[in-house]
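Next come the chains, spelled out residue by residue.
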Amino acid sequence: MASPPSSVAAGLLISILASLLMVSSAGNFHQDFDIVWGYNKAKFLNYGQVLTLNLDKESGSGFQSKNEYLFGKIDMQIKLVPGNSAGTVTAYYLSSKGANWDEIDFEFLGNVTGEPYILHTNVFCQGKGNREQQFYLCFYVDDIPIREFENMESYGIPFPKHQPMRIYSTLWNADDWATRGGLVKTDWSQAPFTASYTNFNDDNALYLDLWTIFFLRFK
Ligand SMILES: *[C@@H]1O[C@H](CO)[C@@H](O)[C@H](O)[C@H]1NC(C)=O
């Protein structure tokens, strides 16, 4: 990949909105995503404007985007598992493929009713970096930046901007570690647990065409 002209400031913004579902006219989940795990536990509602993932004792479920993204701003509204969500994890992440993959993670660790979720974020980057520096990775929740991952490729630290990634989300049981370090177990009498997704928007995301990025500017 060639270096972009230094005047181009390209930003990498991943944004996530965890809030109540609203009636939506945005992206269609049938069109943009495939169910890849727990097929009978993922459900399309409202003609594909809402997607739900379910978890019961048998298994969780998950989806992945059809498109791959190099960078851009991607929105998703997620309604996390309500009530007693202890032991469950709702993971929302981007990941590329292969042995040296890049990955950008949000993981919402459930809790008993009334106690706070924990949000874990993580970044894996194994894609080899080179000289470009004007890329930024911010994690947003409810429009509030909660984490910035600085590009330090000039110090030899890899940065996840070289490998296109798909969007994934999974809802799964992790009661061996998720809630208070595994002390609180999933209460299966509450199953199925449900997370809902809506208002997906990738209008400002860039796909695979590496050349396009040199002409676009994000702030
Ligand atoms: C759940 O609530 C307890 C008590 O407030 C807290 O210690 C814990 O960090 C919370 N979150 C998780 C995921 O365990």
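Just so we're clear, the structure is a prediction, and the values are computed from it rather than from any experiment. (Residues numbered from 1 in each chain as written. Predicted model: local features only at pLDDT ≥ 70, side-chain atom pairs only at ≥ 80, totals over all residues. Heavy atoms only, no water.)

Asker: Can you lay out the site of the ligand for me, pointing to particular residues and giving the numbers?
Answerer: Lining the immediate surroundings of the ligand are Leu109, Gly110, Asn111, Glu115, Pro116, Ile118, Ala178, Thr179 and Arg180. The separation between an oxygen atom of the ligand and a polar side-chain atom of asparagine 111 is 2.5 Å. Separating a nitrogen atom of the ligand from a backbone N or O atom of proline 116 is a distance of 3.4 Å. Within the complex, 69% of the 350 Å² of free accessible area of the ligand lies under protein. Residues of the shell around the ligand, tallied by class, amount to 4 nonpolar, 3 polar and 2 charged. (Near = heavy atom within 4 Å. Polar contact = N/O pair within 3.5 Å; in protein donor to acceptor, adjacent residues only side chain to side chain. Areas by Shrake-Rupley, 256 points an atom, 1.4 Å probe, with all protein chains shown as cover. Nonpolar A, V, L, I, M, F, W, Y, C, P; charged D, E, K, R; others polar.)

Asker: Describe the pattern of salt bridges, listing the residues and the values that go with them.
Answerer: Within the structure shown, the criterion is met by 5 salt bridges. Among the salt bridges present, the one from aspartate 56 reaches lysine 41, with a minimum N-O distance of 3.0 Å. Of this pair, aspartate 56 sits in the loop between strand E4 (50–55) and strand E5 (61–65) while lysine 41 is found in the loop between strand E2 (33–37) and strand E3 (42–45), placing the two residues 15 residues apart along the sequence. The exposure class of lysine 41 is buried, given its relative accessible area of 7%. Here aspartate 75 and lysine 73 are joined by a salt bridge, their closest N and O atoms 3.0 Å apart. (Salt bridge = Lys/Arg side-chain N within 4 Å of Asp/Glu carboxyl O. Helix = DSSP H or I, 4+ residues; strand = E, 2+ residues; numbered from the N terminus. Buried < 20%, exposed > 50% of the residue type's maximum accessible area, 1.4 Å probe, protein only.)

Asker: Any chance you could break down the confidence of the model for the protein for me, citing the residues and the numbers?
Answerer: Overall, the predicted model of the protein reaches an average pLDDT of 82, with 79% of residues at or above 70. Residue range residues 1–25 is modelled with pLDDT below 50. Its contacts to residues more than four positions away, or to other chains, number 90 contacts. (pLDDT = per-residue confidence, 0-100. Contact = heavy atoms within 4.5 Å.)

Asker: Go over the packing of aromatic side chains with me, naming the residues and quoting the values.
Answerer: Tallied over the entire structure, the rule returns 13 aromatic pairs. Between phenylalanine 29 and phenylalanine 63, the aromatic rings sit 6.4 Å apart at their centres with planes inclined by 70 degrees, giving edge-to-face as the arrangement. Of this pair, phenylalanine 29 sits in helix H1 (residues 29–32) while phenylalanine 63 sits in strand E5, and the two are 34 residues apart along the sequence. On the basis of relative accessible area, phenylalanine 29 is assigned to the buried category, the value being 0%. Plain terms: the ring middles of tyrosine 92 and phenylalanine 106 are 6.1 Å apart, the flat faces sit at 45 degrees to each other, and that makes the pair tilted. Note that tyrosine 92 is positioned in strand E7 (residues 88–95) and phenylalanine 106 in strand E8 (residues 103–109), a separation of 14 residues in sequence. Exposure remark for phenylalanine 106: the relative accessible area of 1% places this residue in the buried category. Among the aromatic residues, those joined into a ring-pair cluster are Phe29, Phe33, Phe63, Tyr197 and Phe200. (Phe/Tyr/Trp six-rings, centres within 6.5 Å; stacked < 30°, edge-to-face > 60°.)

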